[in-house]
Amino acid sequence: MRTKNELYQEALRTVARRRQTARAKAEDARAEAEAAVPGLRHAEEEVRVRGIRCALAGAAGRDRTDAAAALTDARKKLADLLASSGRPADALEPHFTCRLCEDTGIVDGRTCSCVHKVMQQLRRSEIEALSSLSISSFDTMELRYYPARMDASLGEPVRSYMSTLLDDLRGYADEFDTTSESLMLLGNAGLGKTHAALAIAGEVLEKGFDVIYVSSPDFFSKLEALHFGSDPAGEEEMLLRTAAGADLLILDDLGSEFNSSFLISTLYSLLNNRLGAKLPTIVTTNITDGALLEKLYTEKISSRLSSFVPFLFMGDDIRAQKAEEA
């Protein structure tokens with residue numbers, strides 16, 4: 001899990017590599033064209049010389065009319081020469097991925113949007129590597145896996161209830177910003193809680209926000225190993241700081257980790273810091289009993305989680321249904 005600054009630096013390196021690749025390909029194309037097209041090298045040199053003369057005339061305050069006309073004529077001769085060989089006018093120019101910044105990463109002194117796009121792609125890849133599911137959309141959550149039977153506790157069929165619930169979560173993703181509420185997706189195993197959380201993550205990433213996804217047992221186990229073991233690089237602090245400061249934190253499968261005093265204090269600190277900063281968090285858990293939640297995590301943590309908007313998932317284990325279909 002990389003910090004936002006680490007993602008930014010990696011994105012800049014990615015964009016720089018794109019520029020180097022584009023320039024190298026242009027040089028190869030130029031060498032190939034010059035070898036194949038007689039007079040091409042002379043035509044290029046003429047454009048270069050005429051360009052310098054035009055610039056010097058302008059810098060000296062002289063009339064640039066004749067110099068500009070000569071430059072235009074030289075460029076036309078070069079373009080005609082390329083066209084006669086079946087090459088486009090820009091055949092000798094680098095073809096950059098981002099035309100806005102020409103793969104420099106900077107436009108008008110500001111970070112180009114292409115850098116932010118690469119950051120989103122890097123974070124998406126990181127989340128997909130950490131989760132058992134690729135980030136997917138709500139469209140891949142098929143309602144047919146939720147039973148059409150009436151549920152007395154809901155007062156309606158499970159399928160229609162889940163349709164409304166998923167629509168509400170989709171709306172949350174569509175309207176997300178850093179002032180959005182925190183959510184708790186709860187229900188029995190195999191009902192799509194993680195899938196829904198990752199669907200939200202995908203849409204929120206597309207909106208340009210930074211999303212951190214962690215599996216609760218893996219995350220706290222790693223923190224505890226760093227805390228009580230060797231951590232010369234300060235990775236524990238970095239992981240906690242990254243999770244605490246993300247635009248959206250997804251804490252998946254809370255309740256399946258090994259409970260310890262370290263877990264309790266670290267989880268409380270993480271939740272408290274994010275609530276204090278008014279940053280949204282999404283927690284998924286199989287624990288539906290509030291009393292059990294308080295027993296496991298203490299009253300202080302339970303009270304923090306009670307401020308999260310609950311979304312109770314209902315139905316039958318979807319993974320079991322899909323296994324039967326396979």
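Residues numbered from 1 in each chain as written. Predicted model: local features only at pLDDT ≥ 70, side-chain atom pairs only at ≥ 80, totals over all residues. Heavy atoms only, no water.

### Considering the pattern of salt bridges
- A complete count under the given rule lists 22 salt bridges for this structure.
- Of the charged contacts in the structure, one is a salt bridge between Arg-48 and Glu-45, with a shortest N-O distance of 2.5 Å. Here Arg-48 and its partner Glu-45 are both found in helix 2 (residues 40–59), three residues apart, which amounts to about one turn of the helix.
- Judged by relative accessible area, which is 46%, Arg-48 ranks as partly exposed. (Salt bridge = Lys/Arg side-chain N within 4 Å of Asp/Glu carboxyl O. Helix = DSSP H or I, 4+ residues; strand = E, 2+ residues; numbered from the N terminus. Buried < 20%, exposed > 50% of the residue type's maximum accessible area, 1.4 Å probe, protein only.)

### Things to note about the sheet that holds strand 7 (residues 248–254)
- Read from one edge to the other, the open sheet built from five strands follows the order 6-7-8-5-9, with strand pairing classed as parallel. With one partner strand each, in any of the chains shown, strand 6 (211–215) and strand 9 (309–312) form the two edges of the open sheet. Looking at each pair of strands side by side, their axes are set apart by 15 degrees on average, direction ignored.
- Where strand 5 (residues 183–186) lies against strand 9, four bridges are found, and the strand directions are parallel. What sits directly across from Leu-185, in strand 9, is Phe-311. (Pairing = 2+ DSSP bridges. Axes fitted to C-alpha atoms, helices over the stretch in contact; angles between N-to-C directions.)

### Observations regarding the nonpolar core
- Core analysis: the biggest nonpolar cluster contains 36 residues, and Leu-169, Leu-185, Ile-200, Leu-248, Ile-282 and Phe-313 have the highest contact counts within it.
- Breaking this core down by element, the ones donating at least two residues are helix 5 (158–174), strand 5, helix 6 (193–206), strand 6 and strand 7.
- The residues contacting Leu-169, other than those within four sequence positions of it, are Phe-138, Leu-183, Leu-185, Ala-196, Ile-200, Phe-311 and Phe-313.
- Counting residues in hydrophobic clusters, the runner-up holds 30 residues, among them Leu-239, Leu-254, Phe-262 and Ile-287. (Core = buried A, V, L, I, M, F, W, Y, C linked by side-chain atoms within 4.5 Å. Contact = heavy atoms within 4.5 Å.)

### Observations regarding the domain arrangement of the protein chain
- Once the domains are mapped, the protein chain shows domain 1 (4–110) and domain 2 (131–325).
- Computed from C-alpha atoms alone, the centre-to-centre distance between domain 1 and domain 2 is 51 Å. (Domains from an automatic or database assignment.)

### Side note on unusual backbone geometry
- Of note in this structure, Asp-103 is not a glycine but carries a positive phi near 60 degrees.
- With respect to the helices, strands and loops of the structure, Asp-103 is situated in the loop between helix 3 (65–84) and strand 1 (106–107).
- We note that Lys-278 has phi near 60 degrees; this positive angle belongs to a residue other than glycine.
- Mapping Lys-278 onto the fold places it in the loop between helix 9 (261–276) and strand 8 (281–285).

### Details of helix 4 (residues 113–130)
- With 18 residues, helix 4 should reach 26 Å at 1.5 Å per residue; the first-to-last C-alpha distance of 26 Å fits that figure.
- Residues Cys-114, Val-115, Val-118, Met-119, Gln-120, Leu-122, Arg-123, Glu-126 and Ile-127 constitute the buried set of helix 4.
- Elements that come into contact with the buried residues of helix 4 comprise helix 1 (4–36), strand 2 (110–111), helix 6 and strand 6. (Expected span 1.5 Å × (residues − 1).)

### Digging into the packing of helix 2 against helix 3
- Closest axis-to-axis distance for the helix 2/helix 3 pair is 9 Å, and the angle between their directions is 160 degrees. It follows that helix 2 is roughly antiparallel to helix 3 by the angle criterion. Here helix 2 and helix 3 pass one another in a crossing that is left-handed. Between helix 2 and helix 3, the residues in contact are Leu-40, Ala-43, Glu-44, Glu-46, Val-47, Arg-50, Gly-51, Arg-53 and Cys-54 and Ala-67, Ala-68, Ala-70, Leu-71, Ala-74, Arg-75, Leu-78, Leu-81 and Leu-82, respectively.
- Considered class by class, the residues forming the contact of helix 2 with helix 3 number twelve nonpolar, one polar and five charged. (Parallel < 35°, antiparallel > 145°, perpendicular 65-115°, else oblique. Left-handed = near helix turned anticlockwise from the far one by under 90°. Nonpolar A, V, L, I, M, F, W, Y, C, P; charged D, E, K, R; others polar.)

### A closer look at the environment of Glu-10
- If you trace the backbone, Glu-10 turns up in helix 1.
- On the basis of relative accessibility, which here comes to 18%, the residue Glu-10 falls in the buried class.
- If sequence neighbours within four positions are ignored, Glu-10 has contacts with Arg-2, Arg-17 and Leu-122.
- Polar side-chain contacts of Glu-10 include one of 2.8 Å to the side chain of Arg-13. (Polar contact = N/O pair within 3.5 Å; in protein donor to acceptor, adjacent residues only side chain to side chain.)

### Description of the side chain of Ser-180
- Within the secondary structure, Ser-180 sits in the loop between helix 5 and strand 5.
- Of the residues examined, Ser-180 reaches a relative accessible area of 16% and is grouped as buried.
- With residues near it in sequence (within four places) discarded, Ser-180 still touches Tyr-172, Glu-175 and Pro-280.

### As for the UniProt feature "domain: AAA+ ATPase" (unreviewed entry) in the protein chain
- As annotated in UniProt, the feature "domain: AAA+ ATPase" (unreviewed entry) corresponds to residues 179–302 in the numbering used here.
- As annotated, residues 179–302 has a helix share of 54% and a strand share of 17%, and its two end C-alpha atoms lie 22 Å apart. (UniProt positions renumbered as here; feature names shortened; annotations may be inferred.)

### Details of the packing of aromatic side chains
- Applying the stated criterion to the full structure yields four aromatic pairs.
- Ring geometry for Phe-176 and Phe-209: centres 5.1 Å apart, planes at 80 degrees, overall edge-to-face. Of this pair, Phe-176 sits in the loop between helix 5 and strand 5 while Phe-209 is found in the loop between helix 6 and strand 6, placing the two residues 33 residues apart along the sequence.
- Overall, the relative accessible area of 3% leaves Phe-176 in the buried class.
- Aromatic side chains Phe-219 and Phe-220 sit 5.2 Å apart centroid to centroid with 70 degrees between the ring planes, which places their arrangement in the edge-to-face category. In this pair, the class of Phe-219 matches that of Phe-220, namely buried.
- Of the aromatic side chains, those joined through ring pairs into one cluster are Tyr-172, Phe-176 and Phe-209.
- Sitting over the face of the ring of Tyr-268, Lys-300 holds its NZ or CZ atom 4.3 Å from the ring centroid. (Phe/Tyr/Trp six-rings, centres within 6.5 Å; stacked < 30°, edge-to-face > 60°. Lys NZ or Arg CZ within 6 Å of the ring centre and 35° of its normal.)

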